[in-house]
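Spelled out, the chains give:
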Amino acid sequence: MDIVLVHGTTQSPSGWLRLVRELELIGHRCVVVDLGADDAHSSSSEFAAAVADQAVVRDPMVVAHSGSGLLLGAICSALDARCQVFLAAIVPDGVHSLTEELRQHAAEMFDPGWIGVDPVADHDAARRFLFHDCDDETTEWAMTTLRSFHPAAVYDEVVPVDTTRPTAVVVPVEDRTIRPEWMRRTAQQRLGVTAVEIGGGHFPHVAAPALVTAALDEFASG
């Protein structure tokens, strides 16, 4: 299967490297896209168009990590995706913007210690919140993949949520940023699916790419 990998808000596309190796070993074709370092003005549809320009694919699976879950519905529409995966990602409700949700429910969505942290500038925080489940060698490599992506206009947008195509929500149970219990609940309430739980923290594709590969491959086969 063609698999399109969409990075989140604190990592560059290079962060997918270990997962790409695992997926390609079992025959999948991966396309890693770059949303840019810091585009505060683009809408979700504009980001989706940028992804479509980069990804020449047919009936792909689209995997979005972390904050890029907000873009997943628009990207899947632009690519006519076969299926979609939220990987340790925000699931929008299609009614409220992220900004609105945060005003009311920030403590339900995120670990309070994570709110306001910039792991690109604060590497101790990156190790504590993002890479706590990595060995030393992996952590040092992962630190080189950190990059800010701040789609401010998207945060204020009521973004589409797509419930028409097969969907998986992969929840790492040791996530220290987005609360696992919030991801489980929103998977059921907003998408009508039961979350797939795996071990590890917020970057399972870095710390445990074999676990993510198994989950994606099983979903693709189903």
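In case you missed it, the structure is sitting above this.
Residue numbers restart at each chain and count upward from 1, following the sequence in its written direction. Reporting in this predicted model follows two pLDDT cut-offs: at least 70 for local features of residues, and 80 or more for side-chain atom pairs to be given and counted; totals over whole chains, interfaces and linings ignore these cut-offs and use all residues. To obtain the side-chain values, all non-hydrogen atoms of the structure were included, while hydrogens and water were left out.

(A) Expanded view of the overall build of the chain. What counts as a helix is a DSSP run of H or I of at least four residues, what counts as a strand is a run of E of at least two, and both are numbered from the N terminus. Along the backbone of the chain there are ten helices and six strands. The atom set for the radius of gyration is the C-alpha atoms, and the globule formula is 2.2 Å times the number of residues raised to the power 0.38. Over its C-alpha atoms the chain spans a radius of gyration of 16 Å, differing by no more than 12% from the 17 Å that the globule rule assigns to 222 residues. With the C-alpha coordinates of the chain rotated into their principal frame, the extents come out at 40 × 40 × 30 Å. Summary of the burial criterion: residues with accessible area below 20% of their type's maximum are buried, those above 50% are exposed, and those between are partly exposed, where the area comes from a 1.4 Å probe applied to protein chains only. A buried classification covers 53% of the 222 residues belonging to the chain.

(B) Structural context of the packing of aromatic side chains. Aromatic rings from Phe, Tyr and Trp, taking only the six-membered ring of Trp, are treated as a pair when their centres fall within 6.5 Å; an angle between ring planes under 30 degrees marks them as stacked, one over 60 as edge-to-face, and anything in between as tilted. Under the criterion given, the structure shown has three aromatic pairs. Relative to Phe129, the ring of Trp114 has its centre 5.6 Å away and its plane inclined at 55 degrees; by these criteria the two rings are tilted. Of the two residues, Trp114 is situated in the loop between helix H4 (98–109) and helix H5 (123–130) and Phe129 in helix H5; the sequence distance between them amounts to 15 residues. Accessibility expressed as a relative area gives 8% for Phe129, which makes it buried. Here the aromatic rings of Phe131 and Phe203 are separated by 5.2 Å at their centres, their planes lie at 45 degrees, and the arrangement is tilted. Taken together, the positions of Phe131 in the loop between H5 and helix H6 (136–143) and Phe203 in the loop between strand E6 (196–198) and helix H9 (204–207) put the pair 72 residues apart, joining distant regions of the chain. Residue Phe131 is classed as buried on the basis of its relative accessible area of 2%.

(C) Examining the state of the cysteines more closely. When two cysteine sulfur atoms are found within 2.5 Å, that pair is recorded as a disulfide. All chains considered together, the criterion is met by zero disulfides. Cys83 provides the cysteine sulfur closest to Cys76, a residue in no disulfide bond, and the two sulfurs are 8.0 Å apart. Residue classification places Cys76 among the buried positions, given a relative accessible area of 0%.

(D) Main features of the sheet that holds strand E4 (residues 83–87). Strands sit in the order E2-E1-E3-E4-E5-E6 across an open sheet of six strands; the sheet is parallel. Either end of the sheet is taken by a strand with one partner, and the two such strands are strand E2 (29–33) and E6. Adjacent strand axes in the sheet meet at a mean angle of 20 degrees when their direction is disregarded. Any two residues having at least one pair of non-hydrogen atoms within 4.5 Å are treated as being in contact. Throughout, an axis means a line fitted to C-alpha atoms (over the contacting stretch in the case of helices), and angles, computed between N-to-C directions, take values from 0 to 180 degrees. Running at roughly 160 degrees to E2, helix H1 (residues 17–25) makes contact with strand E1 (2–6) and E2 of the sheet. Sitting on the sheet, helix H10 (residues 209–221) touches strand E3 (61–65), E4, strand E5 (167–172) and E6, and the angle it makes with E4 is about 155 degrees. Only strands joined by at least two bridges in the DSSP assignment are considered to pair.

(E) Spotlight on the pattern of salt bridges. A side-chain nitrogen of Lys or Arg and a carboxyl oxygen of Asp or Glu constitute a salt bridge if their distance falls within 4 Å. For the coordinates displayed, the defined rule picks out nine salt bridges. Of the charged contacts in the structure, one is a salt bridge between Arg190 and Glu101, with a shortest N-O distance of 2.8 Å. Here Glu101 lies in helix H4 and Arg190 lies in helix H8 (residues 180–191), a separation of 89 residues in the sequence. The exposure classification of Arg190 matches that of Glu101, with both residues buried.

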